[in-house]
Amino acid sequence: MKMQGSPWEFNEYLFTWPVHSDYEIIEIRNPIPENERMYWEGVIPLTDTLEVIRPCRGTKESLWNPLNGKTFLLTELAKLGEGFNKKEVINFALRFGILGIAGHWHGLETYFLNRDPLVFFEHEAKQAARLLRLYQAVQERNLEDLQKRIEAIFFNTSEGAMVNIFIDGTNIYDWPIVKPPVTEEILLRATLFYVCKETNTRLEGRLTMGCAAVTSDFMVLPGVKCDSLLTAAYIQFRDIVTKSHVLKRCKHCGALFVPSKASQVCCPRLPTIPGTNILEDKPACANRAYVRKHRKKQKEKEES
Ligand SMILES: [Zn+2]
């Protein structure tokens, strides 16, 4: 292996992820043992049965590096969160794999405890959609949208009136309690601060620094490893946030995406992961937008 570019550009994230050729949603009885319940409290309902997504038995596994490409996982996950349904979860899994943690991969017993009950998928997809919308509202300075989601609670202290800020009903812990008035700047900064906190929560303790590989000319490449597809998604989101990228809304489907060039108006066609059956499913939004425009023109012509 010859090294190209700086080591940090090359294989910075040495992390591969399994994608299987087929997935299924199954129901598991008595899913969460007593000692695991605390971990799941509030994330999934602790019921007697749990729907889980997993690779079908006997399917082919291929490995890919989700951080080695132009797909932004969080925007794809967020699309799922906007209108959650099981078919789309299977499609997501066929393309990217499932969200869970990389350990215990082969132990089927422990498998469902750590990875991708459907409710976990839904929870994370909605969270992704929520965070992206908040982030985007800040980028666009869309105060109307933010004001719907932010609540300022006033209270009195010995130093006078103070204000505590809540976003989507959650107090932004660590955000300093400030004196009124709640200015535009406070709204925007508090929101961004909240987006950072939520991102950090999903990265904390999930990355490992290490030596990634040795090249044919005895160079050791540094690397960062992460433990799950979800972590990979937030690594990418961190890049978007720290570089102040502005997302765009797809002209065709309305989903937020990361434009690769300024003129791009539709969300990108997704890659096919080598070795999987996916997916010549639907044409990219750009094609569909084109067809729609073409048909409309045709109709106008016929009518005139
Ligand atoms: Zn689209």
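All values derive from a computational prediction rather than experimental measurement. Each chain has its residues counted from 1, following the order in which its sequence is written. Whole-chain, interface and lining totals are the exception, using all residues; otherwise, since this is a predicted model, local features are given only for residues with pLDDT of at least 70 and side-chain atom pairs are given and counted only at 80 or more.

Thoughts on the overall build of the chain
Here's step 1: Where helices and strands are cited, they refer to DSSP runs of H or I of at least four residues and of E of at least two residues respectively, numbered from the N terminus. Of the regular secondary structure elements, the chain holds 9 helices and 11 strands.
Here's step 2: Sorting the 304 residues of the chain into buried and exposed places 27% on the buried side.
Here's step 3: A fraction of 65% describes how many contacts in the chain between residues 6 or more apart in sequence connect residues 24 or more apart. Whether a residue is buried, exposed or partly exposed follows from its count of other C-beta atoms within 10 Å of its own C-beta, namely 20 or more, 12 or fewer, or something in between, respectively; the C-beta atoms are built from the backbone. In this description, a residue-residue contact is defined by the distance between C-beta atoms placed from the backbone, which must lie within 7 Å.

Quick word on the nonpolar core
Here's step 1: Counting residues in hydrophobic clusters, the biggest one holds 56 residues, and the most contacted among them are Leu74 and Ala233.
Here's step 2: Listing elements by their share of this core, those giving two or more residues are strand S3 (49–55), helix H2 (73–82), helix H3 (86–96), helix H5 (118–139), strand S6 (160–167), helix H7 (184–203), helix H8 (229–242) and strand S11 (256–257).
Here's step 3: The element contributing the most residues to this core is H5, with 11 residues.
Here's step 4: With residues up to four places along the chain from it excluded, the contact list for Leu74 reads Ala128, Leu132, Ala233, Tyr234, Gln236 and Phe237. In these notes, a nonpolar core means any group of buried Ala, Val, Leu, Ile, Met, Phe, Trp, Tyr and Cys residues linked to one another through C-beta atoms within 7 Å.

With respect to H2
Helical periodicity: at 3.6 residues per turn, an α-helix aligns residues three or four positions apart in one direction.
Here's step 1: Here H2 lies mainly inside the structure; 9 of its 10 residues are buried.
Here's step 2: Taken together, the buried positions of H2 are occupied by Leu73, Leu74, Thr75, Glu76, Leu77, Ala78, Lys79, Leu80 and Gly81.
Here's step 3: Along its buried surface, H2 packs onto H3, H5, H8 and S11.

Examining the sheet that holds strand S7 (residues 170–171)
Here's step 1: Two strands are counted as paired when DSSP detects at least two bridges linking them. Spatially, S5-S6-S7 is the arrangement adopted by the 3 strands of the open sheet, whose pairing is antiparallel. Unpaired on one side and paired on the other, strand S5 (150–157) and S7 mark the two borders of the sheet.

Details of the confidence of the model for the chain
Here's step 1: Per residue, pLDDT captures the predictor's confidence, and it can take any value from 0 to 100. Confidence in the prediction for the chain averages 80 pLDDT; 86% of positions are at 70 or higher.
Here's step 2: No element of the chain has a lower mean pLDDT than helix H4 (residues 108–114), which averages 46, and none a higher one than H5, which averages 93.
Here's step 3: Across residues 1–10, where pLDDT falls below 50, the model places 13 contacts with residues more than four positions away in sequence or in other chains.
Here's step 4: Predicted confidence for residues 104–113 stays below pLDDT 50, and this span has 10 contacts to residues more than four positions away or in other chains.

Digging into the environment of Ala289
Here's step 1: Counting through the fold element by element, Ala289 comes out in helix H9 (residues 285–303).
Here's step 2: As for Ala289 and Cys250, which are separated by 39 residues in sequence, their C-alpha atoms are 9.7 Å apart.
Here's step 3: Each residue touching Ala289, except ones within four places of it in the same chain, is listed here: Lys251, His252 and Cys266.

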